[in-house]
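# Architecture at a glance
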Amino acid sequence: MLKVKTDIFLGDCKDILKQLPDNSIDLIITSPPYADQRKNTYGGIHPKEYVDWFLPIGKELLRVLHPNGTFILNIKEKVVNGERSTYVLELILELKKQGWLWTEEFVWHKKNCFPGKWSNRFRDAWERLLQFNKQKKFNMYQDAVKVPIGDWATGRLKNLSETDKIRDNAKNGSGFGKNVSNWVGKETVYPTNVIHLATECNNKNHSAAFPESLPEWFIKLFTQEGDTILDPFAGSGTTLMVAQKMKRNSIGIEILPEYYEMIKEEIIPVSYLLL
Ligand SMILES: C[S@@+](CC[C@H](N)C(=O)[O-])C[C@H]1O[C@@H](n2cnc3c(N)ncnc32)[C@H](O)[C@@H]1O
């Protein structure tokens, strides 16, 4: 029997992370403050200082993550003087120097964005979800996030050509190929790396809370029951609540007392028993 535990710490994650043992975390999923954003709520870091601010935290995250674990970083650059700032790109390069592998990038498409237009750009309706790992082999439970095959299959799979029945290698030499006939009779397929989720402005009292389905998707993909999830910028604690519902252990760190107290109130002190 295994008990599932949720821990929340108050303080700067740069310091608190030092208390966590090496290789003890299976998934880190987090959304730190973006550069200079939301100054009025929980402070912003200037884009020029962002990399230097984040790197000591990145170093601790690398230490606490299990070799088979994954780190998902939700981050977004902003437009400064009519140009997209480059701090996220610089951060990726520096994290690679720190020892991280930048294995994948998911796009979170915010499907409920209001329409909008600026003189030289349109509404930004997506955010980055950068995936970093310690090694090329990591735990990934792809079947857990399969999706319904979709309407396209009805027409496309009705009359298969001869090429559809054999593996058709991509002409661009990428090494990818497909055999269309493999999809006949399938009800579910693997998703792409674009995640279509609505933002949620519910009663969480936090201006930048994750929609619950965001951590849920990554928790399914990279962990199993009884594993341990860390959110070092816990905010309203969405990651912890979802982890708890999904019978995973979780650890959150939050620097602002009001959010820390809010999380403490919401976390159910009860542990599930896993047989
Ligand atoms: C974008 S919000 C996270 C929102 C969270 N994903 C949720 O669903 O509510 C970032 C949070 O990090 C906290 N924070 C900022 N700097 C921190 C630090 N050095 N250590 C720990 N928490 C920090 C902020 O107070 C804020 O609540």
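These lines cover the structure that appears in this document, whether it is placed above or below.

With that settled, consider unusual backbone geometry. Of note in this structure, N23 is not a glycine but carries a positive phi near 55 degrees. Of note, N23 is situated in the loop between helix 1 (13-16) and strand 3 (25-30). A relative accessible area of 38% means that N23 is categorised as partly exposed. Its identity is not glycine, yet K247 carries a phi of approximately 60 degrees, on the positive side. Note that K247 resides in the loop between helix 7 (238-245) and strand 17 (249-254).

Right, let's talk about the environment of P56 for a bit. Structurally, the position occupied by P56 is in helix 3 (residues 47-64). On a C-alpha basis, the gap between P56 and C13 in space is 9.8 Å, while along the polypeptide they are 43 residues apart.

Axis separation between helix 3 and helix 4 (residues 87-98) bottoms out at 10 Å; the angle between their running directions is 35 degrees. Crossing geometry of helix 3 relative to helix 4 is assigned as right-handed. Residues P47, Y50, V51, F54, L55, G58, K59 and L62 of helix 3 lie in contact with helix 4, whose contacting residues are Y87, E90, L91, E94, L95 and Q98. Looking at the contact of helix 3 with helix 4 residue by residue, the classes come out as nine nonpolar, two polar and three charged.

Looking at where S250 falls in the secondary structure, it is placed in strand 17. In this structure, S250 is in contact with K5, T6, D7, I229, L240 and A243, ignoring residues within four places of it in sequence.

Below, the discussion takes up the environment of T192. Assignment of secondary structure puts T192 in the loop between strand 14 (188-189) and strand 15 (194-197). It is 26 Å that separates the C-alpha atoms of T192 and I25, two residues lying 167 residues apart in sequence. A distance of 3.1 Å separates a polar atom in the side chain of T192 from the backbone nitrogen of V194.

Right, let's get into the pairing of strand 17. Among the six residues in strand 17, six count as buried, and that is most of the element. Alternating residues of strand 17 divide into N249, I251 and I253 and S250, G252 and E254, and every residue in both groups is buried. As paired strands, strand 16 (residues 228-231) and strand 17 are joined by four bridges and run parallel to one another. Bridge pairing links I229 to S250 in strand 17. For the segment spanning strand 16, helix 7 and strand 17, crossover handedness is right-handed.

With that settled, the discussion passes to the site of the ligand. In the vicinity of the ligand lie 21 residues, with H206, F210, S236, T238 and E254 positioned nearest. Contact distances for the ligand include 2.8 Å between an oxygen atom and a backbone N or O atom of F210. Protein chains bury 97% of the 610 Å² of accessible surface belonging to the ligand in isolation. In terms of residue class, the shell around the ligand is made up of 12 nonpolar, seven polar and two charged.

The subject of this paragraph is the sheet that holds strand 2 (residues 6-10). Sheet strands pair via backbone hydrogen bonds, and the direction of the pair is either parallel or antiparallel. Spatial ordering of the open sheet is given by 2-17-16-3-4-10-7-15, a layout of eight strands whose pairing is mixed. Strand pairing shows two members of the sheet lacking a second neighbour, strand 2 and strand 15, which therefore form its edges. Ignoring which end each strand starts from, the neighbouring axes of this sheet average 20 degrees apart. Bridge analysis of strand 7 (residues 101-110) against strand 15 gives four bridges, and the strand direction is parallel. Its bridge partner lying in strand 15, W108 is registered against I195. Relative to the sheet, helix 6 (residues 213-222) contacts strand 3, strand 4 (65-75), strand 7, strand 10 (126-133), strand 15 and strand 16, its axis offset from that of strand 3 by approximately 155 degrees.

For the structure shown, the criterion picks out 12 aromatic pairs. Ring geometry for Y50 versus Y87: centroids 4.6 Å apart, planes at 55 degrees, classification tilted. In this pair, Y50 is assigned in helix 3 and Y87 in helix 4, connecting sequence segments 37 residues apart. When its relative accessible area of 0% is taken as the criterion, Y50 is described as buried. Take Y87: its relative accessible area is 2%, and that puts it in the buried class. Measuring from centroid to centroid gives 5.2 Å for F106 and F218, while their planes differ by 85 degrees, and the two rings are edge-to-face. Note that F106 is positioned in strand 7 and F218 in helix 6, a separation of 112 residues in sequence. Seen from the ring of W108, K110 lies directly overhead, with NZ or CZ sitting 5.4 Å from the centre. Geometry around Y190 places K146 over its ring, the cationic atom sitting 4.9 Å from the centre.

Basis of the calculations
- Residues numbered from 1 in each chain as written.
- Predicted model: local features only at pLDDT ≥ 70, side-chain atom pairs only at ≥ 80, totals over all residues.
- Heavy atoms only, no water.
- Helix = DSSP H or I, 4+ residues; strand = E, 2+ residues; numbered from the N terminus.
- Buried < 20%, exposed > 50% of the residue type's maximum accessible area, 1.4 Å probe, protein only.
- Axes fitted to C-alpha atoms, helices over the stretch in contact; angles between N-to-C directions.
- Left-handed = near helix turned anticlockwise from the far one by under 90°.
- Contact = heavy atoms within 4.5 Å.
- Nonpolar A, V, L, I, M, F, W, Y, C, P; charged D, E, K, R; others polar.
- Polar contact = N/O pair within 3.5 Å; in protein donor to acceptor, adjacent residues only side chain to side chain.
- Pairing = 2+ DSSP bridges.
- Right-handed = clockwise from strand over helix to strand, strands pointing away.
- Near = heavy atom within 4 Å.
- Areas by Shrake-Rupley, 256 points an atom, 1.4 Å probe, with all protein chains shown as cover.
- Phe/Tyr/Trp six-rings, centres within 6.5 Å; stacked < 30°, edge-to-face > 60°.
- Lys NZ or Arg CZ within 6 Å of the ring centre and 35° of its normal.

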